[in-house]
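Now for the letters of each chain:
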Amino acid sequence: MPQIERLFERNRAWADRLKETDPDYFRNLAERRKPEILWIGCADGRALADRVADLPPGEAFVHRNIANMVVPSDLNCLSVLQYAVEVLAVRHIVVCGHYGCGGVRAALAEPLRGPIDGWVDRIRLVRRLHRAELESLEGEARERRLCELNAIEQVRNVADTTIVRDAWAAGAGPDVHGWIYGIDDGLLRPLCVRNRDDDDLRIVRDPG
Ligand SMILES: [Zn+2]
């Protein structure tokens with residue numbers, strides 16, 4: 001049987017396993033719909049929100065794209081953000097980058113062909129913003145730092161949207177966190193946080 005068709009078998013086995021330990025598992029899940037976290041992460045399958053933060057299904061509302069970007073012209077991302085802030089009233093937004101990100105690596109390499117190059121251009125913008133710091137680093141250290149800086153800049157982009165600014169002005173709205181995940185050690189690390197009481201984001205800790 002082709003590998004792709006085995007996924008249906010695996011799905012049934014997975015659903016059966018969960019129902020064995022809790023017969024109401026899926027019924028309860030269907031009724032619960034109030035996540036407290038909007039997670040903006042990379043499309044890379046090794047950095048999934050529920051896996052790396054060990055979240056039960058439904059605890060996070062998730063948006064993913066290449067290199068966890070928040071682009072002001074991206075209707076998809078902004079719609080997710082608006083729904084999360086205005087309807088779900090999430091308490092936290094996490095922008096989670098990861099080390100070893102292919103999108104970030106592409107921003108340090110030669111131009112690509114096709115629409116993906118326009119997307120990677122947004123990461124090159126972060127690279128230009130932090131040129132002096134990045135040029136003082138080499139190789140993997142430079143790439144890892146750009147992964148961190150990219151996540152931090154996307155926190156700024158979230159905080160600059162009218163969606164979040166309006167919520168903060170109304171005395172509500174979520175805290176916005178920048179995190180980084182290590183695919184090679186399985187650990188999440190905080191980078192920065194921005195909330196409605198601060199004028200700028202606060203660097204939480206330099207992960208080195
Ligand atoms: Zn990535």
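Every chain's residues receive numbers from 1 upward, in the order its sequence appears when written. For this predicted model, a pLDDT threshold of at least 70 governs which residues receive local features, and a threshold of 80 or more governs which side-chain atom pairs are given and counted, while totals over whole chains, interfaces and linings are taken from all residues.

Let's talk about the pairing of strand β4 (residues 175-181)
Then step 1. Of all seven residues making up β4, six are buried, and the element is well covered by its neighbours.
Then step 2. Judged from the seven bridges that link them, strand β3 (residues 92-98) and β4 form a sheet pairing that is parallel. Each residue of the ladder has a partner; that of H98, found in β4, is Y181.
Then step 3. Two strands are counted as paired when DSSP detects at least two bridges linking them. Each helix is a run of H or I in the DSSP string that is no shorter than four residues. Each strand is a run of E no shorter than two, and both are numbered from the N terminus. Of the strand pairs in this sheet, β4 and strand β5 (residues 188-194) are connected by six bridges, and their pairing is antiparallel. The residue bridging I180 from the neighbouring strand is R189, located in β5.
Then step 4. The loop that links β4 with its antiparallel partner β5 comprises six residues; one of these, G186, has a positive phi angle of about 75°. In this scheme every C-beta is placed from the backbone, and a residue whose C-beta has 20 or more other C-beta atoms within 10 Å is buried, one with 12 or fewer is exposed, and one in between is partly exposed.

Side note on the pairing of strand β1 (residues 37-42)
Then step 1. Judged by how many residues are buried, β1 sits mostly within the fold: six of six residues are covered.
Then step 2. Two strands pair when backbone bridges link them, and β1 and strand β2 (residues 60-65) are joined in this way by six bridges, in the parallel orientation. Residue W39 lies in a different strand from β2, and its bridge partner there is V62.
Then step 3. Relative to β3, β1 runs parallel, the two sharing five bridges.

Quick notes on the domain arrangement of the protein
Then step 1. Domain annotation of the protein identifies domain 1 (1-31) and domain 2 (33-203).
Then step 2. Start and end points for every domain follow an automatic or database-based domain assignment. Computed from C-alpha coordinates alone, the two centres of domain 1 and domain 2 are separated by 31 Å.

Observations regarding helix α6 (residues 115-129)
Then step 1. One fewer than the residue count of a helix, multiplied by 1.5 Å, yields its expected span. With 15 residues, α6 should cover 21 Å at 1.5 Å per step; its first-to-last C-alpha distance of 22 Å lies within 8% of that length.
Then step 2. What we call the bend at a residue is the angle made by axes fitted to the seven residues finishing there and the seven residues starting there. At R122, α6 shows its largest bend, some 30°.
Then step 3. Looking at α6, one finds that the buried residues are V120, R122, I123 and V126.
Then step 4. Contacts here follow a simple rule: the backbone-placed C-beta atoms of the two residues must lie within 7 Å. On its buried face, α6 is in contact with α5 (102-107) and α8 (139-159).

Some details on the environment of G139
Then step 1. Take G139: it is sitting in helix α8.
Then step 2. Looking at G139, the number of C-beta atoms within 10 Å reads 8, which means it is exposed.
Then step 3. Note: C-alpha distance between G139 and D184 (45 residues apart in sequence) is 17 Å.

Considerations on unusual backbone geometry
Then step 1. Although it is not a glycine, A67 sits at a positive phi angle of roughly 70°.
Then step 2. The topology assignment puts A67 in the loop between β2 and α4 (75-87).
Then step 3. The buried category is assigned to A67, around which 27 C-beta atoms lie within 10 Å.
Then step 4. Non-glycine residue N68 carries a positive phi angle of around 45°.
Then step 5. One can find N68 in the loop between β2 and α4.

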